[in-house]
Amino acid sequence: MKQQYQLYIDGKWINTDDKLEIVNKYTQEPIASVSKASETEVYQAVTAAQKAYKEKAMNPYDRYLVLKKVSELLIENKEEMAHCISIEAGKPIKQAENEVERSAQTFEIAAEEAKRIHGEGVPVEAAPGSENRMAFTIRVPVGVVGAISPFNFPLNLVSHKVAPALAAGNAVVLKPASATPISAIKLAQFFDRAGLPAGLFNVLVGSGSTVGNQMMQDERISLFTFTGSAEIGLKLKQQTGLKKLILELGNNSPVIVDKEADIEKAAANVAQKSFAYAGQVCISVQRLYVHEDVFETFQERLVEHVKQLHVGDPNDPKTDVGPMIAEKEAERAEQWINEAVKGGAKIVHGGERIGALLQPTILSNVHKNMRVVCEEVFAPIVSMISYTDLDACIKELNESPYGLQGGIFTTNLDTAFYAARNVEVGGLMINDASQYRVDLMPYGGVKNSGNGKEGPKYSIQEMTEERLIVLNLS
Ligand code: NAP
């Protein structure tokens, strides 16, 4: 039977007539019907958030208790949450379980950080004429945070916005992706059970162009935090004027395999980290720069490892690579492969598509202007590029408009440090692929990959204002 889900506004479950139908992304069967917000509900949610922020502020220790409780509830309900993510997002169940565990950690870290929000001493007495003054800063919440999240981590990317915003003392209005809103609604149920005062967290469901757009226009929201494509991120930046907007955007991660790398380890690692969740991870390996001396050996080992990946039903515990979020996305990716092949690229492995399921695909003989290389592919496709000179390789990979995370495999420390200083990314992994993230680390990109950092400690900095207090002691 199809489940029914409602909006969560001011601590109440709100039913509306307009419904969004959610399908199982593997079988395409309808699984749920979700109430959609109209202008009225968007207005009500922001009103509730603003009122709760002003009237129901929690002290830091109470914020710690609520967030810690949500973390515990996520673990207690891990199986149910993982099943929900797997069905609504088409994510292989073992990766969905990992997402729930990570989300619980995100909440736990945010809970701890709620107790550590502080400013610093400012030595104003060192300025001539200020000898009798003392100063320090405090960090204060911004008010109402508007959060908009993408489909690919429907629980943990929501957690990365909501948990630090609440830890910092803000109220939140969240709009999850229309393809995957159920995980966020279930999270609201946990907040209910954890005793969060009504109105501090609100969930609105509806399209970006209606609900998202109305949120962006609402003057009562003090800060927006958006994770999604660079295209939408740019649109929002043009709309928000002087408002603070944190952007976590797209990417086309580069990974270098140096001639002094441990080839076997690198191949096994890249095979895992290029195709998880069908490559729909913003730090998936996309551009693989391999030194010409080791190109053939690396390619052979990579193909062997990719052949071991289980492709198919996300509900099967063995599955590594499931469907893409929608058939039209898989068709788009297939079209990019065909376009590359027409331009001279070679399919080394994969390439076949059935519905939304695209086989893990490795391309070689690619050119830097092909879309599989220069744009964000967001699909299980990796392009191998041979290089001879590291400096020229880094110059070429830096031509990308994106810069979220990258990686380099090498046993040479000088090479590793040279890359650390010169690859233009928010994070560089040494002897690991680009797709490494734990939830406490600073995470965010440069260039068109966005601005600002996520990771609870860093988000709390973004979601609070520094206020200077000066004491005149004379
Ligand atoms: P998307 O199409 O940009 O959508 C992201 C969110 O924005 C969705 O909730 C969407 O609503 C909403 N939206 C769309 N148009 C809007 C508008 N005009 N005003 C306000 N909101 C609007 O991205 P996606 O396809 O869900 O996710 C994939 C993208 O996210 C990739 O580019 C990926 O790299 C990026 N991403 C980045 C990070 C990071 O941390 N840097 C992490 C994960 C994903 P609807 O769903 O209703 O359209």
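Residues numbered from 1 in each chain as written. Predicted model: local features only at pLDDT ≥ 70, side-chain atom pairs only at ≥ 80, totals over all residues. Heavy atoms only, no water.

K.L.:
Mind showing me how you'd approach the side chain of T137 here?
P.N.:
Among the structural elements, T137 can be located in strand 7 (residues 133-141). Relative accessible area serves as the criterion here: at 8%, T137 is assigned to the buried category. A polar contact is formed between the side chain of T137 and the backbone nitrogen of E120, at a distance of 2.9 Å. Side-chain polar atoms of T137 contact the side chain of E466, separated by 3.5 Å. If near-sequence neighbours (up to four positions away) are discounted, T137 is found in contact with G119, E120, V122, E466, R467 and L468. (Helix = DSSP H or I, 4+ residues; strand = E, 2+ residues; numbered from the N terminus. Buried < 20%, exposed > 50% of the residue type's maximum accessible area, 1.4 Å probe, protein only. Polar contact = N/O pair within 3.5 Å; in protein donor to acceptor, adjacent residues only side chain to side chain. Contact = heavy atoms within 4.5 Å.)

K.L.:
When you look at the site of the ligand in this model, what are you seeing that I'm missing?
P.N.:
S149, S178, S229, L249 and E376 are the nearest of the 29 residues found near the ligand. A distance of 3.3 Å is found between an oxygen atom of the ligand and a backbone nitrogen or oxygen belonging to F151. Within the backbone of G228, an N or O atom sits 3.4 Å from an oxygen atom of the ligand. For the ligand, the protein covers 86% of the area, taking 910 Å² as the surface of the free molecule. Every element with two or more residues in the shell around the ligand is listed here: helix 7 (208-217), strand 11 (223-227) and helix 8 (230-240). When residues in the shell around the ligand are grouped by element, the largest group, three residues, is from helix 7. Mapping the shell around the ligand onto the domain boundaries places at least three of its residues in each of domain 1 (3-249 + 449-471) and domain 2 (254-439). (Near = heavy atom within 4 Å. Areas by Shrake-Rupley, 256 points an atom, 1.4 Å probe, with all protein chains shown as cover. Domains from an automatic or database assignment.)

K.L.:
Got a minute to help me understand the confidence of the model for the chain in this structure?
P.N.:
Should the pLDDT be low somewhere, the predicted coordinates at that spot are not to be read in detail. Scored by pLDDT, the chain has a mean of 98; 100% of the residues are at 70 or more. Per-residue pLDDT, averaged within each element of the chain, yields its smallest value for helix 8 (96) and its largest for strand 9 (residues 171-175) (99). (pLDDT = per-residue confidence, 0-100.)

K.L.:
I tried to follow the domain arrangement of the chain on my own but got confused; where do I start?
P.N.:
Where interface size is given, it is often the accessible area lost as the parts come together that is meant. By domain assignment, the chain separates into domain 1 (3-249 + 449-471) and domain 2 (254-439). Here the C-alpha centroids of domain 1 and domain 2 sit 31 Å apart. Where domain 1 abuts domain 2, roughly 2,300 Å² becomes buried across the two surfaces, and 55% of that area is made up of carbon and sulfur atoms. Area buried by domain 1 at its contact with domain 2 is led by Y26, F151 and S449, which between them contribute 24% of it. Across the domain 1-domain 2 interface, the total number found is two salt bridges. (Buried area = accessible area lost by both parts, 1.4 Å probe. Salt bridge = Lys/Arg side-chain N within 4 Å of Asp/Glu carboxyl O.)

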